[in-house]
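# Structural description and commentary
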Amino acid sequence: MSHDASNDHLTRFLLEQAGVRGVHVQLDDTWQQIRARADYPSTVADLLGQAIAASALFTGHIKVDGRLSIQLRGSGALRTLFAECTGTGTLRGIATVADGQDADVRNLQALGDDALLAITIENPGARGQEPTRYQGLVALDADTLSDAFEGYFRQSEQLPTRLLLAADQGRVAGLMLQKLPGDGGDDQGWEHASVLFDTLGARELLETPAELLLHRLFHEDGAQLLGDKALRFGCSCSRERVSGMLESLGEPEARAAAESNEGRIDVHCEFCGQTYRFDLVDIDALFSPTASHGAPERLQ
């Protein structure tokens, strides 16, 4: 289930004279659709919006044919946060807050000592091979997602990186800079670009279109637009995936679940709101000897 969001884009660019590459993301309609699906506390919504922007940014920086997700788990008021961007430019996200707790997560330190933040990349296998999966853990020793991800890329890729994420009720945005590897990078150019980056605030990032922002900040560094990619809300749920999940339960358990619920199973996707209904006739067909289904997939 997806929706068009023609104003939402990812822009890749190069600061040729400075030896710096970058990605810019701005999301209006996509973010509004994600936020409208739950009444989040304001600080949780801001954190989710920043994670949504980051997931899109990273697909412009890393080759992703499948999907890239950002997952945050903790035992405090914010239990889970999930943001995903696919290689085709669809995004979805969700957060879960513990009942009865004040979910004020103004900085990452409020998430608790046991909180975990991970970036996961899943790409389909080539020529029938198994899919490939990579996961990196992000240290939560910074106050903001921007600083945490900045430190992650600086450490994992051994390249100077700058990153700023911003969110409000109607829009999310992100900007990422990284020094080019090897001889393509320039120490003095990087320092100059980094100083200019420090002049950028969250409000200006949210309010300024990509091309104008890059010209305003980096016109002296020869900013070149390398490509523009449309982004939109989209969910990977489907009746086939739910069928695979039910099949993995086994016929006795699936039938018992239906019989305890007036003869049907209703599976609701919290990302997009779609409900998939299976009655006893559907379950009979699902487990009939002639039924053929692929391997069950995780509903996430």
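Remember, it's a predicted structure, so these values are computed and weren't measured experimentally.

Here we take up helix α6 (residues 210-218). Along α6, the residues that are buried comprise Ala210, Leu213, Leu214, Leu217 and Phe218. For α6, the arc enclosing every buried residue in end-on projection is 95°, short of the 170-degree limit, so these residues lie on one face. Of the residues in α6, the exposed ones pointing more than 90 degrees away from the buried face are Glu211 and His215. Residues of α6 that are buried sit in contact with β1 (9-15), β2 (20-27), β9 (172-179), α4 (187-198), α5 (202-207) and β10 (223-230).

Overall, mixed pairing links the 6 strands, which are arranged β7-β6-β3-β4-β5-β11 in an open sheet. Looking at the sheet topology across the chains shown, the edges are occupied by β7 (132-138) and β11 (232-233). Relative to strand β6 (residues 116-123), strand β3 (residues 67-73) runs antiparallel, the two being bridged by 7 bridges. The partner of Ile70 across the bridge, within β6, is Ile119. Strands β3, β4 (78-86), β5 (90-97) and β6 of the sheet are contacted by helix α2 (residues 42-61), whose axis makes an angle of about 30° with β4. Strands β3, β6 and β7 of the sheet are contacted by helix α3 (residues 145-156), whose axis makes an angle of about 120° with β7.

Right, let's get into the sheet that holds β2. Ordered in space as β8-β9-β2-β1-β10, the 5 strands form an open sheet in which the pairing is antiparallel. Unpaired on one side and paired on the other, β8 (161-167) and β10 mark the two borders of the sheet. The sheet shows a mean angle of 10° between the axes of neighbouring strands, taken without regard to direction. Lying on the sheet, α6 is in contact with β1, β2, β9 and β10; it crosses β10 at an angle near 160°.

Before going further, it helps to examine unusual backbone geometry. Not every positive phi belongs to a glycine, and Gln158 is a case in point at roughly 55°. Following the sequence through the fold, Gln158 ends up in the loop between α3 and β8. Relative accessible area serves as the criterion here: at 62%, Gln158 is assigned to the exposed category.

Here we take up the packing of α2 against α3. Axis separation between α2 and α3 bottoms out at 11 Å; the angle between their running directions is 25°. As summarised for this structure, α2 and α3 are arranged roughly parallel, according to the angle between their axes. Relative to α3, the crossing made by α2 is right-handed. Taken together, the residues of α3 that come into contact with α2 (itself represented by Leu47, Gln50, Ala51, Ala54, Phe58 and His61) are Leu145, Phe149 and Phe153.

Take the nonpolar core next. Membership of the largest hydrophobic core comes to 69 residues, with the highest contact counts inside it found for Phe58, Ile70, Leu78, Ile119 and Phe149. Here the element with the most residues in this core is α2; it accounts for 11 residues.

Once that is clear, we can look at the pattern of salt bridges. Applying the stated criterion across every chain yields a total of 19 salt bridges. With a shortest N-O distance of 2.5 Å, Asp28 and Arg171 are connected by a salt bridge. With Asp28 in the loop between β2 and α1 (29-35) and Arg171 in the loop between β8 and β9, this pair connects stretches of sequence that are 143 residues apart. With a relative accessible area of 13%, Asp28 lands in the buried category. Here Arg216 makes a salt bridge to Glu204, at a shortest N to O gap of 2.9 Å. On the criterion of sequence distance, the pair formed by Arg216 in helix α6 and Glu204 in helix α5 is long-range, its members being 12 residues apart.

The rules behind the values
- Residues numbered from 1 in each chain as written.
- Predicted model: local features only at pLDDT ≥ 70, side-chain atom pairs only at ≥ 80, totals over all residues.
- Heavy atoms only, no water.
- Buried < 20%, exposed > 50% of the residue type's maximum accessible area, 1.4 Å probe, protein only.
- Helix = DSSP H or I, 4+ residues; strand = E, 2+ residues; numbered from the N terminus.
- Arc of directions from axis to C-beta.
- Contact = heavy atoms within 4.5 Å.
- Pairing = 2+ DSSP bridges.
- Axes fitted to C-alpha atoms, helices over the stretch in contact; angles between N-to-C directions.
- Parallel < 35°, antiparallel > 145°, perpendicular 65-115°, else oblique.
- Left-handed = near helix turned anticlockwise from the far one by under 90°.
- Core = buried A, V, L, I, M, F, W, Y, C linked by side-chain atoms within 4.5 Å.
- Salt bridge = Lys/Arg side-chain N within 4 Å of Asp/Glu carboxyl O.

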